[in-house]
Every structure is written in structure tokens, then in C-alpha cells.
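Each chain is listed here by its residues.
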Amino acid sequence: MSASGLYNEVLMDHVSNPDNNHEMPDATCSHEGINPSCGDELTLHLRLGDDGRIADASWTGTGCAISQASADMATDLMVGKTPEEAREACALFERMVRGEERDPDVLEEGLDEASCLESISRMPARVKCAELAWRTLDEMLANEADGGSGASATEA
Amino acid sequence: MATMDMTAFADIQKNPAKEDFPLLVGNPGLAFLDSAATAQRPAVVLDAQRRFYETMNANPLRGLYRLSVEATQAIEDARAHVAAHIGGGAGSQVVFTRNASESLNICAKDFGASVLRPGDEVVISIMEHHSNLIPWQQVCRATGAKLVYLRPEPDGTVTDESIERAIGPKTRIVSMTQVSNVLGVEVPIAKVAAHAHAVGATMIVDACQSVPHMHVDAKAMGADLMAFSAHKMGGPMGIGVLWGKPEILDAMPPFLTGGEMIDSVTETDAVWAPVPQKFEAGTQDAAGIYAFDAALAYLEGIGVDAIEARERALAARLCERLEAIPYVTVYGPAEPERHVGSVAFNVDGIHPHDVASLLDMQDVAIRAGHHCAQPLLTWMGGINATCRASVAFYNDASDIDKLVEGLEFVWRTFHHER
């Protein structure tokens, strides 16, 4: 890995200048995710549009740079997707951080900037940080598909 | 090991011991600053482990042939050596376990469960490792005893007042770490033990972070039972020690039962073997115990006093260098010389896991997290995690320089000053 590797400019830009780190008063659903062992705490917010697609996504909470940047990239990526497409992206991210999908074209195509977190698959202690937002999103969308209530929580 | 140049050993700019450690020789660029989690092993320990299997391998205790007798003798020699290393006493006072956690579980769930009555109090400090905390939570719940915390000063200093507040007429057991695995601060065990004994309580000491770094005399400081592990002192992983006063160990029931811990068995009953075999059901890691013996011999070959002096100088320098960085907060005693091995710290606004990952990219190995001491971190003001750098005698000043340079890199990474 290069000197700062994972902590590259793309990731650090999401840490310093996050796009989606804010509350969402008109959210359709919110879901909290925590990593008890690291103390990462994120709440993901989504607003579904009339066309059934994700119209807006944001996150709030505290944690390490990896969990926060990953949440920012995840919420960037979700906008415009149907819940099914969003869950497919979450599944692809999960495969990437578990080291099961390494094809850069597939990752770039499916995850856009979040593909820069590929090297986390070689840092097992940090996988939980990276996947927290994606797991939380996936849980929230699964709950929604089941007709679940607005607010809920996931423990990684 | 060639004869150590002790003048060089006393100088933290030099590092004559490093060549004895194959992992450090094989990773010349590595600054290993996580010895509080586990120490590196000298070649003599690795050689001993191999020698056991090559020259004396047989199941100890039961065999009536030469090899088994030698294997048994290897364990008994190690037992006597461990006893001598912590202040003397008979080898039979040394029980080998799998790790210090198991030793402390025996203290709580065997000794504690057999003596605690509803309303009794167990005193531990807020600085305990989870290994000396959760077993007491469990046994207190099971027996109706109350768990009482000794709360030191904010920097971890255990004062006379804090001891007097915590230990009282209802105290039945006091179980305390001698050195905090987070703050590196030393607890005055002799004072705590004197208070414990004055009210008729039993004194248990978690010596995991003290025995590797200083002279510990279990009996002189008033320990009744004491736990520590081999792997933090250059021995193999998977070997723990439970040391105890003979009358206490004799009165305790066995913890695990089965092979090698009985004198005789009938269809309905069994007679336990004497201490220490009573506590050592099943086949022991005889090779590991033999290698632990070699680790003690290695440490004593250098000299525990010389090791203690070098490590105090290293820890003090580590603390001073960290305290001098404006964006670093150091926890524990402000006096650098009061840190035994470990220094906990945080970098302003940067999560400890990010600090550790970025340091790793600079070949600097530290620990980050809650250090199995979550109640301590909560008590320190709701801190979720800290970084912790810890030193051993095979470190030198350049390892600390690398850490400081690494922290500058961490800071630059987060502040766009590439």
C-alpha cells in the first residue's frame, strides 16, 4: 500500500467536506447503525420520491474517518436509485470489502467513488467501519420493503 | 544470546537486545510499540519450544518411562523458576493455566464463589482489564455480593483516601491490577493489601502489566492470589500463571476436572490430587511451559533491574515526546516517569482507529480501541477509544522518533498538508 493508501484525497475530501452530513426533516425513513466496539454511530436518512426512487439521502453521527467517508459516499450513490438498485449496490460493496469482488471495472461501475475503499478488504479490523453505512442502508430498505416503521436500528 | 553489553543496554539510543528477537531482526523498519498486548519472543524461547518436542516430548505426569519423566521435570523446574521469579516460595504455589484471564476466572468463580455470601463486598478498581472485572460481575450476581469500585484520581493515582473509601468492614475480596494496561499507572498494592487484610479480606493481584517490567515480590506486597501471563514477558502464548498462598489454594475446590488432577476415582466419587495438579486438568502445554522457563532465564540473564531501568527511561521519553505535541492529549499521570510501559493518548479530532491505521502504513504498530477497559474509558469522561503505545526493553529511542514522525504524518493527512 502507498504511503497514505486508503486515506487518499477522495476519501479525505469526504471527511473534510461531506456532501450529505445533515438531518432530513422530511425523511421517509431513518435507521441507526452502531459499531459498539469502535463507537461508530451513524443514522441514515432517506426520502423516497413519488416515482419510487430515492430522492434524497443523508447521514448524521460520529465515528472514524472511514465510517464517515463511507457513509457520505453511500448516500451520494443512492440518490436516483430504486430501493432494489440501492440494495444491489449495498450487496456489491459488501462483496468488495469482504474481498469477494475485486474487478475494478465492476466496482467502479457499481460503486463509483466508493470503489476507492477496495483496499479495506486487506484491513480486516476496519471492514466494520467501512460497511456500517451500507449495512444500515440495506437494513433500512429491507425494513421498508417489509412495510416497516420509520425509525429503527442496526448493530454491526 | 551473546553476553549483553550492559553499558549499551542502559542507553536507550542503543539496542543490544534487539538482535535476540527474530521478528524484530526480520522487520528492521518496524517500530513495535504494542508490547502491553503481547511481547516479542527471543530466539532462546523459540529454540526451547522446539527442543522440547525434539528431545523430551512425552505426556508429563503419568508416564513411567524416561521421556515422560523428563517432561514432568521440565514442568516442575519451570514452576520453581516462576515462584523464584516473583519472590520465592514453593513451586507448588504456581498453577499453570492457559492465560491470565483463566487465572482470574479461577479466582472469581472458584475462590470467590466458595467464600462470598450475600451482602459481602468485592472491591476492584475502575482501571481493571475486563478479565479482572467481568468474572467479578458474574460471581457477585451469582452470590448476592456487591461489586464496589475503587475510583482513583483522574490521572489514575490511587490515594490513601480512595483506598479507605472503597475497602470497609463488608469487604471480603479485593482484586486489583498492579499496573493499569491503559494509563500505565502503578497501584500501590502493598497499601491496598494492608487495608484488605486489616478487614479480613483476601488480596488478589492482576500482575499482567507489572511482572514483565519490574521486580514483583508477591508475598512481600501482600498478595494472596496473583495472576499473570507468559506471553507478555517473552514466553509463548497460551500459558498463564495463578500463584497463591498454599492454604488458600488447598482450600479451593478444583475448577476444571478430569485427567491428571485426581488421586483416585470410584464410580461415584473422586479424590483430588494435591495443589497444583488439582487445578491442572488435562494435558498441559509442556513445551510452552518449558519455553516460558527459558524466557524467565533470558530476562534474568539481562537482569530485571536493568530491564526496569531501561523500560522506565523509554516510557518516560515516550510520554515526554507525546506531551510535547500540541495536538496530542496524553492520559494518566503527567509525570513521564510514572508510566510503566504504557502511554495512552489521542490525537485531536482524529479517531484512534484512523491514527492506528495511518501509523501502520508508516510501519509503526500501536494499539487503538478500548483496551478491554471500557468502564475506565467511560469513567475518564465518556471516551470511546484511545491510542496506546507501549514499550519493552527491545525498543529504543528511534522507535519513539518513528511514532512521533508517524503522528505528524497522521496530522498532515487529515489537514491536507501533503
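The following paragraphs examine the structure supplied in this document. (Residues numbered from 1 in each chain as written. Chains lettered and ligands numbered in written order. Predicted model: local features only at pLDDT ≥ 70, side-chain atom pairs only at ≥ 80, totals over all residues. Heavy atoms only, no water.)

**Side note on the pattern of salt bridges**
All names here are of chain B. Throughout the structure, instances matching the rule amount to 24 salt bridges over all chains. A salt bridge links arginine 312 to glutamate 186, with the nearest nitrogen and oxygen atoms 3.8 Å apart. In this pair, arginine 312 sits in helix 11 (residues 304–323) while glutamate 186 sits in the loop between strand 5 (171–177) and helix 8 (189–198), placing the two residues 126 residues apart along the sequence. Judged by its relative accessible area of 33%, glutamate 186 is partly exposed. Among the salt bridges present, the one from arginine 321 reaches aspartate 401, with a minimum N-O distance of 2.6 Å. Linking arginine 321 in helix 11 with aspartate 401 in helix 14 (residues 397–414), this pair joins segments that are 80 residues apart in sequence. (Salt bridge = Lys/Arg side-chain N within 4 Å of Asp/Glu carboxyl O. Helix = DSSP H or I, 4+ residues; strand = E, 2+ residues; numbered from the N terminus. Buried < 20%, exposed > 50% of the residue type's maximum accessible area, 1.4 Å probe, protein only.)

**Here we look at the interface of chain A and chain B**
In this assembly, 22 residues from chain A lie in contact with 15 residues from chain B. Counting the surface lost from both chain A and chain B, the interface buries some 1400 Å², and carbon and sulfur atoms represent 57% of this. Across the chain A-chain B interface, the total number found is one salt bridge. As a salt-bridge pair, B:Asp354 and A:Arg126 come within 2.8 Å of each other at their nearest N and O atoms. Where chain A touches chain B, the interface holds five residue pairs in polar contact (both at pLDDT 80 or more). At the level of elements, helix 1 (9–16) and helix 2 (65–78) of chain A are the ones that each hand at least two residues to the side of chain A that touches chain B. For the side of chain A that touches chain B, the leading source of residues is helix 1 of chain A, giving four residues. By residue class, the composition of the side of chain A that touches chain B is 12 nonpolar, seven polar and three charged. (Contact = heavy atoms within 4.5 Å. Buried area = accessible area lost by both parts, 1.4 Å probe. Polar contact = N/O pair within 3.5 Å; in protein donor to acceptor, adjacent residues only side chain to side chain. Nonpolar A, V, L, I, M, F, W, Y, C, P; charged D, E, K, R; others polar.)

**Focus on the side chain of B:Ser68**
Residue and element names in this part refer to chain B. Here serine 68 shows up in helix 4 (residues 66–85). Within polar-contact distance, the side chain of serine 68 engages the backbone oxygen of asparagine 59 at 2.7 Å. The residues contacting serine 68, other than those within four sequence positions of it, are Ala58, Asn59, Pro60, Leu61, Arg62 and Gly63.

**Quick word on the pairing of strand 2 (residues 40–48) of chain A**
Residues and elements named next belong to chain A. The sheet contact formed by strand 1 (residues 29–35) and strand 2 spans seven bridges and is antiparallel. Of the residues in strand 2, the one forming a bridge with histidine 31 is leucine 44. The antiparallel hairpin formed by strand 1 and strand 2 contains four residues in its connecting segment, where glycine 39 sits at a positive phi of about 85°. For strand 2 and strand 3 (residues 54–62), the ladder comprises eight bridges, and the chain directions are antiparallel. Each residue of the ladder has a partner; that of leucine 46, found in strand 3, is alanine 57. (Pairing = 2+ DSSP bridges.)

**Some thoughts on the sheet that holds strand 12 (residues 342–347) of chain B**
Within a sheet, neighbouring strands are paired by backbone hydrogen bonds and run either parallel or antiparallel to one another. All names here are of chain B. With respect to topology, four strands assemble into an open sheet ordered 11-12-15-14, the strand pairing being antiparallel. The two strands at the open ends of the sheet, each matched to only one other strand, are strand 11 (328–330) and strand 14 (367–369). Across the sheet, the axes of successive neighbouring strands diverge by a mean angle of 30°, strand direction being ignored. Two strands pair when backbone bridges link them, and strand 12 and strand 15 (residues 386–390) are joined in this way by four bridges, in the antiparallel orientation. The residue of strand 15 that forms the bridge with alanine 344 is arginine 388. Most of the contacts of helix 11 go to strand 12, to which it runs at about 15°, and overall it touches strand 11, strand 12 and strand 15. Along the sheet face, helix 12 (residues 352–361) touches strand 12, strand 14 and strand 15 and points at about 155° away from the line of strand 14. (Axes fitted to C-alpha atoms, helices over the stretch in contact; angles between N-to-C directions.)

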